Amino acid sequence: QVQLVESGGGLVQAGGSLRLSCAASGSIFKINVMDWYRQAPGKERELVARASSGGSTNYVADSVKGRFTISRDNAKNTVYLQMNSLKPEDTAVYYCALFQAGDAYWGRGTQVTVSS
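A short tour of the structure in this document, coming up.

What counts, and at which threshold
- Residues numbered from 1 in each chain as written.
- Predicted model: local features only at pLDDT ≥ 70, side-chain atom pairs only at ≥ 80, totals over all residues.
- Heavy atoms only, no water.
- Core = buried A, V, L, I, M, F, W, Y, C linked by side-chain atoms within 4.5 Å.
- Buried < 20%, exposed > 50% of the residue type's maximum accessible area, 1.4 Å probe, protein only.
- Contact = heavy atoms within 4.5 Å.
- Helix = DSSP H or I, 4+ residues; strand = E, 2+ residues; numbered from the N terminus.
- Polar contact = N/O pair within 3.5 Å; in protein donor to acceptor, adjacent residues only side chain to side chain.

What follows deals with the nonpolar core. Counting residues in each nonpolar core, the largest one holds 29 residues, and the members touching the most others are Leu4, Trp36, Leu81, Met83 and Tyr94. With sequence-adjacent residues up to four places away left out, Met83 is seen in contact with Gly16, Ser17, Leu18, Leu20, Arg67, Phe68, Tyr94 and Val112.

Put into structure tokens, the structure is as follows:
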């Protein structure tokens, strides 16, 4: 019903920046939220940031606050995660998720690796 495709991951040195994108397609309702999660090996999945369909930032995790910014382009059904001042501990698979009408949809994830 809804498909999400993440892009923008890669390998970057500590202190560098990456911009992740998540493009949604399918039956997307006007009211929804889009999130970025990440999961590192051996660690729990972590909610990184959340944005409403209105384009405002609803939540940014303390672990990335001041470094990461979430934004949306509703015309493109796309959510972005601007990641600055990256640290090795940011290394993880980053997943996009969309929630609407009680349903959850997930992307396949994009790998972010930060070298020291």
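Summarising the element assignment, Asp62 is placed in the loop between β6 (57–60) and β7 (68–73). A relative accessible area of 65% places Asp62 in the exposed class. On a C-alpha basis, the gap between Asp62 and Val48 in space is 8.5 Å, while along the polypeptide they are 14 residues apart. A polar contact is formed between the side chain of Asp62 and the side chain of Lys65, at a distance of 3.1 Å.

Even without glycine at this site, Asn77 takes up a positive phi of about 50°. Following the sequence through the fold, Asn77 ends up in the loop between β7 and β8 (78–83). Judged by its relative accessible area of 31%, Asn77 is partly exposed. Even without a glycine there, the phi angle at Ala101 is positive, about 50°. Along the polypeptide, Ala101 turns up in the loop between β9 (92–100) and β10 (103–106).

The values reported here are purely geometric and, on their own, carry no functional implication.
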